[in-house]
Amino acid sequence: MIETTLVVKKEFTNKYKNGYPLILKEAVESTKDLKKEGQIVKLIDKKNVFLGRGYYGNQNKGCGWVLSNSSKSSLDYKFFYDKLRNALSKRKEFYYSKDTTAFRVFNGEGDGIGGLTIDYFDGFYLLTWYSLGIYAFKDNIIKAIKALVPFHGMYEKKRFDENGMVLDEDSYLTGRKAPEPLIVKENNVKFAIYLNDGAMVGVFLDQKEVRNSIKNKYSNNKSVLNTFSYTGAFSMFAAKGGATTTSIDLAKRSLDKTTENFNINDIDPNKHSIIVEDLFVYFKYAKKNNIKYDVVILDPPSFATSSESSFSAARDYKDLVKKTIEITSDEGVIVASTNCSTFNMIKFKKFIDEAFIESKKLYEIVEEYQLPKDFAVTDKFPEGNYLKVLFIKIISK
Ligand code: SAH
């Protein structure tokens with residue numbers, strides 16, 4: 001096996017000895033031998049002690065992933081087969097469920113292969129490659145899936161762009177083609193899924209526990225505002241739980257997508273509002289007209305710019321919460337969510353706390369969520385647990 005040796009800087013040696021999987025550019029002495037993504041790399045310390053074996057692939061701030069900490073390992077077919085088999089066997093209970101037919105079966109570094117995720121949609125598999133580097137192992141990975149599980153068809157998304165943008169091309173890979181839409185279930189609520197329609201397929205599977213809690217505990221006879229609503233996922237669960245919902249998203253497609261999701265769930269879209277508008281414009285309107293909601297769900301992207309506003313979760317979450325407090329009723333609940341990986345739960349709670357202090361309101365955090373079990377994470381890479389969700393109850397004085 002041809003492999004390129006990377007010497008880890010002294011101050012980073014312990015990090016990799018402790019199993020940190022992401023190969024940081026600044027952690028290695030030189031990257032000049034990294035020529036072709038997918039090439040195998042061996043990490044050593046300055047005394048030539050083996051630290052790990054992985055591959056070269058540019059993704060966010062990393063230039064590859066360590067896949068093994070054993071010096072004898074080789075990244076061959078058996079290696080990928082074993083990782084996949086292990087991940088699949090951990091998801092057995094998910095395969096048995098009749099109420100939920102979509103979930104994650106392989107979660108990158110949390111399952112031992114950084115740069116690759118695999119989602120299951122009722123017999124169809126969706127593979128997402130996060131760099132050209134991991135894509136180089138495609139043949140072995142697909143061969144292993146075929147050997148391990150029966151499937152209807154497979155689709156793939158290539159997010160080779162360093163910012164994780166999806167290349168716009170046909171996503172079909174092999175097997176049968178999925179119907180458009182493909183209807184899947186999550187806790188018996190249906191989702192219309194489009195596996196071959198650009199970057200997003202119609203649902204973010206990591207929010208299942210949050211959606212279920214909203215439906216079961218926060219919706220009956222409530223007015224619920226779902227912001228950044230996309231396909232109306234939270235709205236459907238709230239509506240199923242007995243709420244009257246308002247969904248707001250800037251993108252025109254959200255109107256059709258949300259209406260479709262309501263229809264397949266026998267929810268009458270005419271009894272709910274679906275607004276296509278910039279949320280920050282709507283905030284002004286709602287405040288002026290003294291409109292208030294019992295529950296407001298905030299699930300913004302990490303970054304967003306429109307002609308009317310610009311939002312960065314790390315910079316603006318506090319202000320987003322302050323604006324939300326103004327349109328939430330006394331004793332109301334704000335569900336604040338973020339998938340931004342540049343800050344952790346402690347910092348997120350600080351944003352919330354500052355927003356309430358500046359708004360001169362009291363609050364109580366009544367529920368807290370991070371990634372669900374199928375989104376496996378490793379304690380060697382805490383930033384992989386990117387999802388942070390807080391249920392915040394406003395206390396009226
Ligand atoms: N909450 C959604 C996922 C949100 S994806 C879910 O549960 O599935 C982010 C969404 O934010 C996109 O649909 C995008 O169109 C929307 N968006 C971005 N900027 C916005 C803005 N300023 N106002 C309203 N929606 C916005």
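Cut-offs used in this document
- Residues numbered from 1 in each chain as written.
- Predicted model: local features only at pLDDT ≥ 70, side-chain atom pairs only at ≥ 80, totals over all residues.
- Heavy atoms only, no water.
- UniProt positions renumbered as here; feature names shortened; annotations may be inferred.
- Helix = DSSP H or I, 4+ residues; strand = E, 2+ residues; numbered from the N terminus.
- Domains from an automatic or database assignment.
- Contact = heavy atoms within 4.5 Å.
- Buried area = accessible area lost by both parts, 1.4 Å probe.
- Salt bridge = Lys/Arg side-chain N within 4 Å of Asp/Glu carboxyl O.
- Polar contact = N/O pair within 3.5 Å; in protein donor to acceptor, adjacent residues only side chain to side chain.
- Pairing = 2+ DSSP bridges.
- Axes fitted to C-alpha atoms, helices over the stretch in contact; angles between N-to-C directions.

**Some thoughts on the UniProt feature "domain: PUA" (unreviewed entry) in the protein chain**
This chain's UniProt record puts "domain: PUA" (unreviewed entry) on residues 4-89. Helix makes up 24% of residues 4-89 and strand 34%, whereas the separation of the span's terminal C-alpha atoms amounts to 33 Å.

**Points about the domain arrangement of the protein chain**
Taken domain by domain, the protein chain comprises domain 1 (3-68), domain 2 (77-186) and domain 3 (204-395). In this structure, domain 2 and domain 3 have C-alpha centres spaced 28 Å apart. The partner domain 3 presents 14 residues to the 15 residues of domain 2 that form the contact. Summed over both sides, the interface of domain 2 with domain 3 buries roughly 1300 Å², with 59% coming from carbon and sulfur. A per-residue breakdown of the area domain 2 buries against domain 3 is headed by Arg104, Glu109 and Glu186, which together make up 42% of the total. Linking Lys373 and Glu93 is a salt bridge whose minimum nitrogen-to-oxygen distance equals 2.7 Å. Our count for the domain 2 to domain 3 interface comes out at five residue pairs in polar contact (both at pLDDT 80 or more). Taken together, the elements giving at least two residues each to the side of domain 2 that touches domain 3 come down to helix H3 (92-96), strand E6 (102-107), strand E7 (116-121) and strand E11 (182-186). Looking at which element gives the most residues to the side of domain 2 that touches domain 3, the answer is E6, with four residues.

**A word on the sheet that holds strand E15 (residues 273-276)**
The mixed open sheet is built from seven strands, whose spatial order is E15-E14-E13-E16-E19-E21-E20. Sheet topology places E15 and strand E20 (362-369) at the edges, where each strand pairs with a single neighbour. This sheet shows a mean twist of 15 degrees between the axes of neighbouring strands, independent of strand direction. Relative to strand E21 (residues 388-395), E20 runs antiparallel, the two sharing seven bridges. Bridge pairing links Tyr363 to Ile394 in E21.

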